[in-house]
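Survey of secondary and tertiary structure
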Amino acid sequence: MYAYTVVYNVCTKHQSAKNGVTCAQELYRRLKEMIENHLRESVTDKVIHKTGDALLQEVHKEWKTHGLIVKWARFMFRYLDDYYTKSPQIDNLSTMMLKGFERAVFQRIKTSLRNVILTNIESERDGNTIDREVLRSAIWLFIDMGMETTEVYNQDFEKEFIKQSREYYQREAQQWQMEPGGQYTYLKKVEQKNMEEARRADSYLAPTTKGTLLKAIEQELLVTHMDKCLEDADAGTEALLNNERNDELGRMYRLFKNNGPGLERMADIVRKVIEREGKQINSKFSSGGTGETGEAASTTYIKSCLTLHDKYSQLFSTYLENNEQFLKARKTAYEVFVNPQQGDAWVLKQKTKGGKEGMDVITTSELLSTFIDGIMKKEMESEEALDNILDKCVTLFTYIHDKDLFQQFYMKQMSRRLMHNKNQHLLDQERTQISKLKMKMGSAYTSKLEGMLADQGVADNQNKHFKEYLADFEVKLPIDFTPLVLTTGFWPAFKHDTLAPPTGMNNCLSWFEKFYEKTTQSRKLTWIHSLGHASVVRKFPKGPREMSVTTYQACILVLFNETGSVVAKQAQETLKLPFEEIKRTFHSLAYGKFPVIKRADGNKALKQVKEGDEFIINDDFHANQRKFKIPAVVKQEREQIVDTNQEQRLHVIEACIVRIMKSRRVLSHSDLIAETIQQLSNLFSPEVRVIKKRIEDLIQRQYLERDEADRKQYRYLA
Amino acid sequence: MPRGRWFIQDPRSCKWVQADDTVNNLMESAFKLQKSTIDITIGINEYRVDFVKRRMYGSSGGSRLIRRDEVQASNPYELDEYANPKLNMKEIENLYNKCKAASDTEEDLIQGEGLMTLCSELSISIDDVSLLLLACRIQAAEPFKIGRTEMIVALRSLGIDSVKKLKSAITQWKNELSNDRSFKYFYWFAFDWTREENSRVMQNEAAIESWKTLLSTRCGKFPLDLWCEFVSSQYKKAISKDAWKSLWDFMQTSAPDLSNYSEDEGWPVLMDEFVEWAQPKLRS
């Protein structure tokens, strides 16, 4: 208190200034001088001759003391601070004293101090323990000397520090590379060191340094050795994936996470690995490695694709934080092997059916569609399991390029499913699947499928009405008869039927036609018998049997009601079917799994059916089940579907081109091609040549014209 | 022949708006016939156009300014049907009748033998391009036929009213062919007049013949024979109008060894295939 009063008195003395200097000013100056002298004489001497740790200690001590001095001085000379130093050119007391310290002490020791600090840090890195407290205060000295800026710190300390750290880690990295255990241990060490350095920075470095330090280390340790790390035969990304060392992979990811090019490289390697594995699955399928054929083989194929996908999903989510790059890498890889082109080595092939030699090219669209078909036909244990697997199928679907081909196959197979099996559960399943597809592709894609389902839904109601109608007329139909009305636009095109059904059936048909005419207007009904199925009962000598057959087969069997034996030619004339059809049907009845009829001449060896062949009922027929299904021979439809699809594509491309030109009016050639490809990319990827041909065709038909001046421009003609 | 492009000023924004094609044609034809006014209907509104006052009057009152810009037609063979309305075309009519008599057809056209007569009258050879050139100038519509109105109106608009003038005109036209632009449109016309009747494409053989006649002097370093060989042996399909027209630009812009060809430039598929086939041959 006393000191304060003295100061106060001095300052408030209204003495006229001696040489223009007021008392306050004088006081200030003297204080400054005193501090500086003190520092220079006592402190500096003590400090300047010390080196190494002693220097650190000494500096630490002196700085603490100085701090105390500053505090007391400020307290005592507060009056100065409150009034005198308020003018801008005059530093306030603490600043002044800091500056004093800096000039007197700091400037002279800073280099040596710095070197000591760096040596200390290095020794700590090597594993020795040091006095962190002291080190910390020494470093913070640099910061304080900057007086609210980090300039001093950055210039004098940080730069050197980072440089030294780099050199250190460079050396270390070289050393570690030589060590046994290769890249595994290297990465482990890197991670370890990273954590260490982070902790160190937290404990005694300025916060701003942490980021720079870590980045510098990362560069030294990882970037320069990036290639070696990632591509290493034992421990590179590929090796880790193959050996399923997921922890290591996770570590690699964490380390490279912030490093753009590194991450890209990793993603690239992942992509290559997935691609290779995918191609392997393809080749396995093509070579019939699993020994399965037909539907079983396609199921295995799709299942393996899905399993592969799942495996990586898990990997990504657990270890790789579902990083975008990896998801994209997987997508690209899948798109490559799921859409093999004509000449690729991993094209999917299947043995040609029907006894021809050679392999047919089969598309993933077809396989996927068949797979889903299989699932639908089976009853799934739970809603969830079904949902799950359908979801995965839809994911696989998004990778396929020929989505319109898939649509065709799916439509065909679904139509068959709907016609043969009518339970509610199945309908619900179908509905779920369609809604999934709809979400991905939009309603235009699924409108036909939905139409088919709607028809099915209406059918039950309609049948009820039909039964009521018949009751009204008190007609009892000889056969239990359930028709299904298909709206032409929604269902795939079916060939026209020439079958002349036997009387019993004809009766039913005509009654239904009458009923339908009454309930609807201006609609034409055409019977497609090739799709129908019937249930026929016969009392065999070995017991009565119920057979589930197609309409054609039923008609032929009914013929045996009238005569004991039937000649193939006769059947053809009565039923008015093409002979091919007759042949096939007889074949399925006589030589299939359940031979209910046999040749009249008893020749078991001959498998071909010719016009003059006679057949009789097989009285020795025996089957274990009471009810069974006699399968009909199914034609190979694949080619047909593929061909129709190709044709359809031409129309789709044309429609797209016209649409684009109509909205843009004038467009250049390359732009038009790019737009078309982009608009159709969702459905399928058209070839440039094909688009070009379509454009020419449209010019010929005068939908477009070339611009006279600039022949690369096209113009829309209204 | 200069044609007119009509513009109408929008009364509110005072901007000049181009009249659309139908309106333009109506106004142009009336103008050429030197009428003073014409009534036209645009959409649901009716207007009276007054050429003397240079205004268009709406039925509900209000008038707009109109103006006419003369534009050069891009096709140098386009005719201005209303030029020289008072020219006496007697001589030409006689020529026409003579030739028509020689063509044994009931329709009012010169064709077949008539064309031969025409050639002999004009002392031109049937083999060289003169006949085609004449047809082009007349803008004859049907292949290998020249109609009465076509010929008379065309020649009248060109100011040709005597056989002598016609002969000298033909020589003059031939000289004009050295101009690339005139030649281009002439070449394009050639397709329309030398194809088969009722067909939108030209047969391979006919095309090759025409190419040889028309283009052999103009092809420069372009491998025309290779092209003809390709079309006759490899391509085997008929030539569409687009392909024909494109050949001219293709000839002009291709390097002699076809090295600057790019598939992305929108050439017809015929050219793509030709380049694919010919490049190896040119390199050897």
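What you see is a predicted model, and the numbers here were worked out from it, not measured in a lab. (Residues numbered from 1 in each chain as written. Chains lettered and ligands numbered in written order. Predicted model: local features only at pLDDT ≥ 70, side-chain atom pairs only at ≥ 80, totals over all residues. Heavy atoms only, no water.)

Quick word on the overall build of chain A
Assigned secondary structure in chain A consists of 27 helices and 11 strands. For chain A, long-range pairs separated by at least 24 residues make up 69% of all intrachain contacts whose partners lie at least 6 apart in sequence. Carbon and sulfur atoms make up 51% of the accessible area of chain A, which amounts to about 38,500 Å² in all. (Helix = DSSP H or I, 4+ residues; strand = E, 2+ residues; numbered from the N terminus. Contact = heavy atoms within 4.5 Å. Areas by Shrake-Rupley, 256 points an atom, 1.4 Å probe, with all protein chains shown as cover.)

Brief notes about the overall build of chain B
Within chain B one finds 11 helices and 10 strands. The 284 residues of chain B split such that 47% are buried. Nonlocal contacts in chain B, meaning residues at least 24 apart in sequence, comprise 62% of its contacts between residues at least 6 apart. Total accessible area on chain B is roughly 14,800 Å²; 48% of this is exposed by carbon and sulfur atoms. (Buried < 20%, exposed > 50% of the residue type's maximum accessible area, 1.4 Å probe, protein only.)

Some points on the interface of chain B and chain A
Counting residues at the interface gives 21 residues for chain B and 14 residues for chain A. Interface area, chain B with chain A, both sides summed: about 1,500 Å², of which 41% is carbon and sulfur. Contact with chain A buries area across many residues of chain B, yet Arg200(B), Asp242(B) and Val269(B) alone supply 31% of it, more than any other trio. For the pair chain B and chain A, the interface holds 4 salt bridges. As a salt-bridge pair, Glu276(B) and Arg689(A) come within 2.9 Å of each other at their nearest N and O atoms. If you look at where chain B meets chain A, you find 10 residue pairs in polar contact (both at pLDDT 80 or more). Looking at the side of chain B that touches chain A, the elements that each hand over two or more residues are helix H7 (180-194), helix H10 (241-253) and helix H11 (269-283) of chain B. Considering each element in turn, the side of chain B that touches chain A owes the most residues, 4 residues, to H10(B). By residue class, the composition of the side of chain B that touches chain A is 7 nonpolar, 4 polar and 10 charged. (Buried area = accessible area lost by both parts, 1.4 Å probe. Salt bridge = Lys/Arg side-chain N within 4 Å of Asp/Glu carboxyl O. Polar contact = N/O pair within 3.5 Å; in protein donor to acceptor, adjacent residues only side chain to side chain. Nonpolar A, V, L, I, M, F, W, Y, C, P; charged D, E, K, R; others polar.)

Overview of the sheet that holds strand S11 (residues 713-716) of chain A
Residues and elements named next belong to chain A. Spatially, 3 strands are ordered S9-S11-S10 in an open sheet, and the strand pairing comes out antiparallel. The open sheet has two edge strands with one neighbour each: strand S9 (666-668) and strand S10 (704-706). Put simply, the sheet's adjacent strands are angled 30° from each other on average, direction ignored. Sheet analysis places S9 next to S11, joined by 3 bridges and oriented antiparallel. Within S11, the position partnered with Val 666 by the bridge is Arg 715. Across the sheet, helix H27 (residues 688-700) is in contact with S10 and S11; its angle to S10 comes to roughly 100°. (Pairing = 2+ DSSP bridges. Axes fitted to C-alpha atoms, helices over the stretch in contact; angles between N-to-C directions.)

Some words on the packing of aromatic side chains
Evaluation of the coordinates by the stated rule reveals 45 aromatic pairs over all chains. An angle of 70° between the planes, with centres 6.4 Å apart, marks the rings of Tyr469(A) and Trp511(A) as edge-to-face. Here Tyr469(A) is found in helix H20 (residues 443-473), whereas its partner Trp511(A) is found in helix H21 (residues 503-519), with 42 residues between them in sequence. A relative accessible area of 8% places Tyr469(A) in the buried class. It is Lys403(A) that lies over the ring of Phe397(A); its NZ or CZ is 5.9 Å from the centre. We note Arg67(B) situated over the ring of Trp16(B); from NZ or CZ to the ring centre the distance is 4.9 Å. (Phe/Tyr/Trp six-rings, centres within 6.5 Å; stacked < 30°, edge-to-face > 60°. Lys NZ or Arg CZ within 6 Å of the ring centre and 35° of its normal.)

Some details on helix H8 (residues 204-215) of chain B
All names here are of chain B. For H8, with 12 residues, the first-to-last C-alpha span of 16 Å sits near the 16 Å given by 1.5 Å per residue. Restricting attention to buried positions, one finds in H8 the residues Asn 204, Ala 207, Ile 208, Ser 210, Trp 211, Leu 214 and Leu 215. The buried side chains of H8 occupy one side of the element, clustering within an arc of 165° when seen end-on. Facing away from the buried side of H8 by more than 90 degrees, the exposed set consists of Glu 205 and Glu 209. The inward-facing, buried residues of H8 contact helix H4 (130-138), H7, strand S9 (201-202), helix H9 (224-235), strand S10 (239-240) and H10. (Expected span 1.5 Å × (residues − 1). Arc of directions from axis to C-beta.)

Notes on the packing of helix H2 (residues 90-102) of chain B against helix H3 (residues 113-121) of chain B
Residues and elements named next belong to chain B. Where H2 meets H3, the closest approach of the two axes is 6 Å, and the angle between their N-to-C directions is 140°. As the angle between them shows, H2 and H3 are arranged oblique. Note on packing geometry: the crossing formed by H2 with H3 is right-handed. Residues Leu 95, Lys 98, Cys 99 and Ala 102 of H2 pack against Glu 113, Gly 114, Thr 117, Leu 118 and Glu 121 of H3. Tallied by class, residues from the contact of H2 with H3 come to 4 nonpolar, 2 polar and 3 charged. (Parallel < 35°, antiparallel > 145°, perpendicular 65-115°, else oblique. Left-handed = near helix turned anticlockwise from the far one by under 90°.)

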